[in-house]
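Geometric and topological summary
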Amino acid sequence: LHTCPWGGQLSRQQQHLLETPPSSCHHMHPISYILGIAVDQNLEKGTVHLCMELAITKLCKHILTDEELARAVLVDSPISTTPLQSRSDIESESSPNFDYLSAVGSILHVANCVRPDVSFAVGYLARFAANPGPQHVKAAKRVLLYLFNTRTLGITYYRESRQEKIAQSYLKVQNTPWMMALI
């Protein structure tokens, strides 16, 4: 019987896991979903694709109206090239129906997990978290609309090193008009 570091005893299932060698786990199926991330493994190609389509859809449908979601097809970049001003420089009107911190935090989670393409935008929005105004809410909604429009995108990991493909992908993103305006 094994004991836990904090003095309790392990359950039978926990004991079984400790005693079962990893080689005997051949009967287990590949993982398909974890922490809101869909996992698609292709063992033959040696790839693992991660996507948060369901989580992004739920997030956007919770925060945005149906009219706003209908306009998502028009959004092709996560952030506008127009710089945002701090709240002290603009009108003092607030948006009581929009939880700015929650939206930015949710976008940050998506960016950290599978969507690095919105990392700059969410980092930029986070700068205004202490005192967001209407233009910041509009910018956050734009990122959500972009995510909704591109919700099927994700990130793919390869077994073999594919540095050349990664470099080509980076150059494609870097040369987009909205990225060039931000550099």
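Check the entry above for the structure.
Residues numbered from 1 in each chain as written. Predicted model: local features only at pLDDT ≥ 70, side-chain atom pairs only at ≥ 80, totals over all residues. Heavy atoms only, no water.

**Brief notes about the pattern of salt bridges**
Rules: For this analysis, a salt bridge means a side-chain nitrogen from Lys or Arg found within 4 Å of a carboxyl oxygen belonging to Asp or Glu. Only runs of H or I of at least four residues qualify as helices and only runs of E of at least two qualify as strands under DSSP, and these elements are numbered from the N terminus. Per-residue accessibility, obtained with a 1.4 Å probe over protein chains only, is compared with the maximum for each type, and a residue is labelled buried under 20%, exposed over 50%, and partly exposed between these values.
Under the criterion given, the structure shown has 2 salt bridges. As a salt-bridge pair, E68 and K141 come within 3.0 Å of each other at their nearest N and O atoms. Placement of E68 in helix α3 (residues 66-70) and of K141 in helix α6 (residues 134-149) is noted, with a sequence separation of 73 residues between them. Take E68: its relative accessible area is 12%, and that puts it in the buried class. With relative accessibility at 22%, the residue K141 sits in the partly exposed group. The salt bridge involving D117 is made with R115; its shortest N-O contact spans 2.9 Å. By relative accessible area, which is 24% here, D117 ends up partly exposed.

**Quick notes on the pairing of strand β2 (residues 37-42)**
Look at any regular strand and the pattern is simple: side chains alternate between the two faces of the sheet. To be explicit about the condition: In this scheme, strands are said to pair when DSSP sees at least two bridges between them.
The pairing of strand β1 (residues 33-34) with β2 spans 2 bridges and is classified as antiparallel. Its bridge partner lying in β2, Y33 is registered against A38. In textbook terms, the turn of a hairpin is the stretch between consecutive antiparallel strands, and for β1 and β2 this stretch comprises 2 residues, one of which, L35, has a positive phi near 50°. Two strands pair when backbone bridges link them, and β2 and strand β3 (residues 47-51) are joined in this way by 5 bridges, in the antiparallel orientation. Each residue of the ladder has a partner; that of D40, found in β3, is H49. Hairpin geometry of β2 and β3 is characterised by an intervening segment of 4 residues between the two adjacent antiparallel strands and by a positive phi of about 75° at G46.

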